[in-house]
Amino acid sequence: MFKKAVEAKAQQRLSGADRKKLKRTIRDRFPRASDADIDALLPPKAEMTVSKFQNRVHVYGVEGGFPLFFNVDGRGSEIYPTVFALWELPEMLPYFMLKGGEVSRFVIGGADLMFPGISVAAEGLPSFSAGEPWAVKVPGNPAPIAVGSTTMSSAEALKAGLRGKALRIMHYYRDLLWESVEGHYVPNSGFLEDVVLEDPSFLASNQPSDSSEGATCESDVQQSCVNNENTEGSIDVNGAISDACAASMQNDSENAAKEITTDASDLKSTANVDAAKLDIELSSLSIEDVDSHLDRCLLQALHTTVKDKDLPMPGSTLWSNHVLPCRPSGITLDIKKSSHKKLSKWLQAKTSTGLITVKEEYKKEAMLISVNRGHPEYLQFKPEKRPVEKVVQAGDSAASESRSQKALEVVEVYKSSVHVNPIFASVGADTGKLYSASEATDIVFKYIEKENLVKQTNKATVVLDATLCDALFKGAIKKGSTYPTEIHKKDLGATFINRMQAHHMVTRGGESVVRKGVLKTVQIMTERRQGNKKVTKVSGLETFLIDPEALASELQKKFACSTTVAELPGKKGLEVLIQGGVIDDVARHLLEQYGIPKRYIEVLDKTRK
């Protein structure tokens, strides 16, 4: 889960309702933890934050403190405690005890846990089901070193002769989540360096051996590592370590356990002190300081990453992909701590100064329309020549591995039309290929550069030749009207794209489909039937690669009501009929479980006056 570097694309505070929902989820998923234990980890009056990653992982914690829980799919059902949380509450999860430190070296190297590496007690294997969260410990150490999810039930494991994968490791000591926190939240992190969670035998492989027996042990461990690589990151040390070798390590393991217990017990107090220091530093920023940082980050983004060809741009994209990555190291930007309180109000304030142009789109989404690069603030600002933090692309392999089968990706693409074919032919572009908005804009700008159409007296204006004028306006200008001779660069991209054929590509899991035209919405409608009963209808699901039959089955169990699937009258496609007025619940289910954006969900309640 955290083997590869995946940076947060957004971080925000949880509302009161979301904090309560998070605690309820934790209480239901981890019955071993009492209410007092949960309050100790997540104090009732403390501000909680959630960091959202490109690979859909959500990480929760107390503001200024260590991450305490993470959600692997961002939907709230698959939530796990971090190793930080387990050090404070070691008994929150049931755990598997490793056979020895020789196994821990693979676990904290990112490998999954195999049954042969587990020490089974005399009373037998504990009972568990598939998909349960379990921790991993080493002998004599109360501090867990990893957390993961069981791959099969105990009954299936016994039937398989305790062979195969036992635990899929989600997070472990010193993975990238741990390392990222250690560097930012623990200024004096020496105590973390001294914590050796694994037995000394883990370190023995990096030291010369003084005896032939030790050499044999090290050779066996290396051979186990080879087996591990050949099994796609899983541990199988069955028979790799001899009894004599394991016995020679036992005494050292017992000595290390005492040190580990002491170090782990210090984590809570030290973490609280450092978190308190961080809160003081953040609270020392005045509203004026936050406003100043916001303005500088916006100007840095406008100079470095925001290009005219990418406009118009949603305000949320501007904030997460451009403004936040430009913040200075060690500074946390929170729009709520500024004088504007909201992103839309801040953008409107910058619009009033003339620096940018922003307008409110449907459903209150602020859109950045243009940037005034001749504004005094823009001209006077000198951008810092430093590497800007880059958001990891959604196509990263780590993201694709963790992506749920229900994960949705919607991309608007465009194809050349009869209007713009001459432009494509002039620059040698393929007229049968699908292009993103950015790629299509690049083509028209390439044509402008080739024909040298930029106005010499005003570099922001393009002079229209006959070919470009026809491509942009032929058939769109009323008869008798004069065709324009110039166009501003900021208007060129949108005008050119509007003359192309709109398509959309929808991808869910391994299935992908491209359809012509704009993306149709999912319609959710509630109406009254005979006897004053309500029924909710859902249609348009096929557009987003959702099986109506499967959704009907899900909703039947979720809402404990009857559901049916019928053909749409007079149209192609199916609709799901749900007994009762559950219009808001269905919309929320499609948003959270199937990832359909709000703008593609159309709601109509005919029962409300």
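- As recorded in an unreviewed UniProt entry, the protein chain goes by SUI1 domain-containing protein and comes from Gossypium barbadense.

1. Considering the pattern of salt bridges
Phase 1 of the analysis: In this structure the tally under the stated criterion is 18 salt bridges.
Phase 2 of the analysis: Between Arg-29 and Glu-78 there is a salt bridge, and its shortest N-O distance comes to 3.7 Å. One end of the pair, Arg-29, is in helix α1 (residues 16–29); the other, Glu-78, is in the loop between β4 (67–71) and β5 (79–81), and 49 residues separate them in sequence.
Phase 3 of the analysis: When its relative accessible area of 21% is taken as the criterion, Arg-29 is described as partly exposed.
Phase 4 of the analysis: According to the relative accessible area criterion, Glu-78 is partly exposed, its value standing at 29%.
Phase 5 of the analysis: Asp-295 serves as the salt-bridge partner of Lys-350, at 3.5 Å between the closest nitrogen and oxygen. One end of the pair, Lys-350, is in helix α14 (residues 343–352); the other, Asp-295, is in helix α12 (residues 287–304), and 55 residues separate them in sequence.
Phase 6 of the analysis: Owing to a relative accessible area of 7%, Lys-350 belongs among the buried residues under this scheme.
Phase 7 of the analysis: Among the charged side chains, a network of salt bridges with common partners joins Arg-13, Arg-19, Glu-47, Glu-63 and Lys-337.

2. Things to note about the packing of aromatic side chains
Phase 1 of the analysis: Applying the stated criterion across every chain, the model contains 11 aromatic pairs.
Phase 2 of the analysis: One residue, Arg-105, lies across the ring of Phe-106, its end atom 5.5 Å from the ring centre.
Phase 3 of the analysis: The residue whose ring lies beneath Lys-137 is Tyr-95, and the NZ or CZ to ring-centre distance is 4.0 Å.

3. Description of the sheet that holds strand β6 (residues 95–97)
By way of backbone hydrogen bonds, the strands of a sheet pair with one another, either parallel or antiparallel.
Phase 1 of the analysis: Across the sheet, which stays open at both edges, the five strands sit in the order β6-β8-β9-β10-β7 with mixed pairing between neighbours. Looking at the sheet topology across the chains shown, the edges are occupied by β6 and β7 (113–114).
Phase 2 of the analysis: Examined bridge by bridge, strand β8 (residues 133–137) and strand β9 (residues 146–150) share four bridges and lie antiparallel to one another. Within β9, the position partnered with Val-136 by the bridge is Ala-146.

4. Let's talk about the side chain of Arg-499
Phase 1 of the analysis: Its location among the elements puts Arg-499 in the loop between α20 (489–498) and β18 (501–508).
Phase 2 of the analysis: Each residue touching Arg-499, except ones within four places of it in the same chain, is listed here: Ser-417, His-419, Val-420, Asp-470, Ala-471, Leu-472, Phe-473, Lys-474 and Ala-476.

5. Digging into the sheet that holds strand β13 (residues 366–371)
Phase 1 of the analysis: Spatial ordering of the open sheet is given by β11-β13-β12, a layout of three strands whose pairing is antiparallel. Edge strands, defined here as strands with exactly one partner in the open sheet, are β11 (313–314) and β12 (356–360).

6. Here we look at unusual backbone geometry
Phase 1 of the analysis: Of note in this structure, Leu-545 is not a glycine but carries a positive phi near 55 degrees.
Phase 2 of the analysis: Secondary-structure assignment places Leu-545 in the loop between β21 (533–539) and α21 (548–559).
Phase 3 of the analysis: Leu-545 sits in the buried class, given a relative accessible area of 16%.
Phase 4 of the analysis: Notably, Ala-560 is not glycine yet its phi reads approximately 55 degrees, a positive angle.
Phase 5 of the analysis: With respect to the element layout, Ala-560 can be found in the loop between α21 and β22 (563–567).

Thresholds, definitions, all that
Residues numbered from 1 in each chain as written. Predicted model: local features only at pLDDT ≥ 70, side-chain atom pairs only at ≥ 80, totals over all residues. Heavy atoms only, no water. Salt bridge = Lys/Arg side-chain N within 4 Å of Asp/Glu carboxyl O. Helix = DSSP H or I, 4+ residues; strand = E, 2+ residues; numbered from the N terminus. Buried < 20%, exposed > 50% of the residue type's maximum accessible area, 1.4 Å probe, protein only. Phe/Tyr/Trp six-rings, centres within 6.5 Å; stacked < 30°, edge-to-face > 60°. Lys NZ or Arg CZ within 6 Å of the ring centre and 35° of its normal. Pairing = 2+ DSSP bridges. Contact = heavy atoms within 4.5 Å.

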